[in-house]
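Each chain, letter by letter, is given below.
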Amino acid sequence: MAAWFTFTIAFSTTLISQVFGWGVFEVDLHEFKNHKGLLANGNACKPNCRTYFSICLKNYQAVVSPGDCIFGSTMTPVLGTNSFSAKDSGTFPRPIQIPFKFGWPGSFSLIIEAWHSPYGNLPVDTNQDLLISMFAIQRQLGAGNDWLQDTLSVQQTELRYAYRFICNDSYYGESCSKKCSPRDDRFGHYTCTRNGDLSCLPGWKGKYCEEPICLEGCSERNGNCSKPGECVCREGWQGAFCDECKKYPACKHGTCQLPWQCNCQEGWGGLFCDQDLNFCTHHRPCANGATCMNTGQGSYTCTCLPGFTGVNCELEMQECDSNPCRNGGICTNLESGYMCTCLQGFEGSHCEHSLLTCADSPCFHGGKCWEKDNGRSYMCECPRGYTGLNCEKRVDKCTSLPCANGGLCLLQGGMRMCSCRAGFTGQRCEININECAGSPCLNGGTCQDRINDYTCTCPVGYGGRNCDRVLDECSLRPCLNGGLCTGGGGPGKPPPACICPSGFSGPRCEDGFQWAAVSLAVGLVALLVLLCMVGLALRHIHRQSRRQEAETETMNNFSSVQRDNLIPASQLKNTNQKVSLEVDCDSEKSNFIHKNYHLDSYNSKSKEFKDEKSQGDKSLIYDKCLEDKMPLSRMYSEKPECRISTICSSRDSMYQSVFVIAEERRECVIATEV
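Below is a short write-up of the structure. (Residues numbered from 1 in each chain as written. Predicted model: local features only at pLDDT ≥ 70, side-chain atom pairs only at ≥ 80, totals over all residues. Heavy atoms only, no water.)

Considerations on the state of the cysteines
Applying the stated criterion across every chain, the model contains 27 disulfides. Here Cys200 engages in a disulfide with Cys209; their sulfurs sit 1.9 Å apart. Taking the sign of the torsion about the S-S bond as the criterion, the disulfide between Cys200 and Cys209, at about -80°, is left-handed. By relative accessible area, which is 31% here, Cys200 ends up partly exposed. In this structure Cys209 comes out as buried when scored by relative accessible area, which is 0%. In this model, Cys233 is linked to Cys242 through a disulfide, with the two sulfur atoms separated by 2.0 Å. With the S-S bond torsion at -95°, the cross-link from Cys233 to Cys242 turns out left-handed. Since its relative accessible area comes to 27%, Cys233 is described here as partly exposed. Using a relative accessible area of 0% as the deciding quantity, one classes Cys242 as buried. (Disulfide = S-S within 2.5 Å. Buried < 20%, exposed > 50% of the residue type's maximum accessible area, 1.4 Å probe, protein only.)

See the structure below:
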């Protein structure tokens, strides 16, 4: 019943939170200025502008326009006249709140309108003539407790205000859409963080903080808890951390590893470990680490450690009792150990070493022996090249030749020499080799000598130990003629490439386009074309002049013919007999064409001329005329029956005349083409 009641309360709380919304948009009006007391239409308020505000919250618009207040709206009472501040508004609740019933979208449009109330109370219907000013903004806004200050000016009015969006209790996040209600009951034990996440109360864990945290160290396998800090053992286990098993209840001298066991201790036996098996186990009579062995019937024997004796090894033995001193040495017990006093000729902690004398020839390599301490010891005088107590060591010649800088002295063939470390030379390795002498740094790098090495300071664009690696090939400016270098930034980047300007090509833009040769060729062609045009123009002018001369001559001939009109046959015949007429074909430039017409009948007085021959025939006759340059009378001299006198005139002339004379009949007919 209690659980059902708790669930009902939680469900009701969630439902109420959903109904009343997830957040609140707040507007705090600070100050409004309307010094001139004017309406938006420019009229003055009478007597003063009793100002109230209408606030409309809607969705984000790029250009804010009036319309439905989708997110909510509210209206204030009259807060003051003309210019006033929030502290003058009296009991008006601050700030102005517009509750939100869904997740905050993060952006909004806000319209604040200032209205004039003529009678001091809010009108039922808004009259646009009473509008003082309208302020409109659109913003991006996240949920939070901080106020955002703003100032707006429209015409003669100014409004200072602040706004924010805060989440209701139990709602969190940028959009106030995350629900979290602290609780401490059977359904969970937690509070809420600033982000709306669950934060378990001390001693609780789990997704909803419903699992208690047991006593630290409590066995998870053998114990549990119903509240924090407990360690309740399962059946068969005991102890503060439930890590001790329970023995069988009747077990006397036994132990267990699992519940209800009875593992007998040493010296005990039986089902309940209540039977005594040996005296050693139960009474431990042997002292000083001695080993006890049961011999039956409650008897035993003790095996003592060295230095102890007695039935139970309870007596400590004297160290001199074991006669540790050899060769007749005298043992003396001390508080911690013993001391041996050796006879003459022996030494050592147990007098185990015999002393040598010169009689024993202890000196090697021909050394001379001298007695000391009345013959109890000796001293060897070593020959050159040997040393040591018995002249057993060869003298190290390197001791007189110290090698510098870590060099190693070596003996080779009786000669001493120093083996130097890398970077040093000389008889004693005292000279530091200049590694920069060989100029190892390439591409203009600067070498710096070190003790056993060198370093290269590379110029821009090079790297590596010896400046032999190009870091950025473009820094070397490989492109010529103003080319732009790209790439070449080092390993992993593309090789350098040159982007050539107009007129150049090649990997480094080294090949220039031969503009000079091209310009010269173009100039020559242009000059040749110009000369051809001038030649054609001169030829045309010359042809025109020759044509005009030919036309003038033709007109003169035609005028004389026209005056005579018709020539008697006898006169024409006599003239033809005396003078041979020639064809006028002097100019190849003139476009004269000889036309030959034949009369159909000698009896006809006039006859129309036949159609003109084809242009090909005319050209042939004209070309023939040009080649031969002879009079037509000569051409027809082989035919005595007829002679022809022709006056060649221009094609464009107005008249063309042909005279045909027949020798056989002695008649002459003149045909004139008009």
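Some thoughts on the nonpolar core
Phe25, Phe108, Leu110 and Tyr161 are the most contacted members of the largest nonpolar core, which totals 34 residues. Put simply, the parts of the chain that give this core at least two residues each are strand S1 (23-33), strand S2 (50-58), strand S6 (96-100), strand S7 (107-116), strand S8 (131-140) and strand S10 (157-167). Non-local contacts of Leu110, meaning those with residues more than four positions away in its chain, are made with Phe25, Val27, Ile55, Cys56, Leu57, Phe135, Ala136, Ile137 and Tyr161. (Core = buried A, V, L, I, M, F, W, Y, C linked by side-chain atoms within 4.5 Å. Helix = DSSP H or I, 4+ residues; strand = E, 2+ residues; numbered from the N terminus. Contact = heavy atoms within 4.5 Å.)

Focus: the packing of aromatic side chains
In total, this model carries 18 aromatic pairs according to the counting rule given. A ring pair is formed by Phe100 and Phe165, whose centres lie 5.3 Å apart and whose planes are at 85°; its orientation type is edge-to-face. Of the two residues, Phe100 is situated in strand S6 and Phe165 in strand S10; the sequence distance between them amounts to 65 residues. One aromatic cluster in this structure is built from Phe25, Phe71, Phe100, Phe102, Trp104, Phe108, Tyr161, Tyr163 and Phe165. Above the ring of Tyr171, the side-chain terminus of Lys179 is found at 5.6 Å from the ring centroid. Lying over the aromatic face of Tyr454, Arg465 brings its terminal NZ or CZ to 4.3 Å of the ring centre. (Phe/Tyr/Trp six-rings, centres within 6.5 Å; stacked < 30°, edge-to-face > 60°. Lys NZ or Arg CZ within 6 Å of the ring centre and 35° of its normal.)

Re unusual backbone geometry
Trans peptide bonds make up most of the peptide bonds, and negative phi angles are found at most residues other than glycine. Between Lys46 and Pro47 the backbone carries a cis peptide bond, its omega angle lying at -10°. Within the secondary structure, Pro47 is located in the loop between S1 and S2. The phi dihedral of Asn443 falls on the positive side, at around 55°, and the residue is not glycine. Relative to the elements of secondary structure, Asn443 occurs in the loop between strand S41 (431-432) and strand S42 (446-449). What makes Asn443 partly exposed here is its relative accessible area of 39%.

A few points about the environment of His30
Considering the arrangement of structural elements, one finds His30 in strand S1. With 130 residues separating them along the chain, His30 and Arg160 place their C-alpha atoms 5.5 Å apart. The residues touching His30, leaving out its near neighbours within four places in the chain, are Ser85, Ala86, Arg94, Gln149, Arg160, Tyr161 and Ala162. Side chain to side chain, His30 and Asp28 meet in a polar contact 3.4 Å long. (Polar contact = N/O pair within 3.5 Å; in protein donor to acceptor, adjacent residues only side chain to side chain.)

Observations concerning the pattern of salt bridges
Under the criterion given, the structure shown has seven salt bridges. The closest approach of N and O atoms between Asp197 and Lys178, which form a salt bridge, is 2.4 Å. One end of the pair, Asp197, is in the loop between strand S14 (188-192) and strand S15 (198-200); the other, Lys178, is in strand S12 (residues 178-179), with 19 residues separating them in the sequence. On the basis of relative accessibility, which here comes to 35%, the residue Asp197 falls in the partly exposed class. Linking Arg183 and Asp185 is a salt bridge whose minimum nitrogen-to-oxygen distance equals 3.1 Å. Classification of Asp185 as partly exposed rests on a relative accessible area of 24%. (Salt bridge = Lys/Arg side-chain N within 4 Å of Asp/Glu carboxyl O.)

Focus: the sheet that holds strand S13 (residues 183-185)
Ordered by their spatial adjacency, three strands build an open sheet running S13-S14-S15, and the pairing between neighbours is antiparallel. The sheet is open, and its two borders are formed by S13 and S15, each paired with just one other strand. Strand-to-strand, the axes of this sheet are offset by a mean angle of 35°, without reference to chain direction. Here S13 pairs with S14 via three bridges, running antiparallel. The residue of S14 that forms the bridge with Arg183 is Tyr190. (Pairing = 2+ DSSP bridges. Axes fitted to C-alpha atoms, helices over the stretch in contact; angles between N-to-C directions.)

A closer look at the side chain of Glu113
For Glu113, the position within the fold is in strand S7. Here Glu113 occupies a buried position and makes no salt bridge, while the nearest side chain of opposite charge, Lys58, is found at 9.5 Å. A distance of 3.1 Å separates polar atoms of two side chains, one belonging to Glu113 and the other to Trp115. Excluding its chain neighbours within four sequence positions, the residues that come into contact with Glu113 are Tyr52, Phe53, Ser54, Leu131, Ser133 and Met134. (Lys, Arg positive; Asp, Glu negative; His and termini not counted.)

Shape descriptors only; they carry no functional weight alone.
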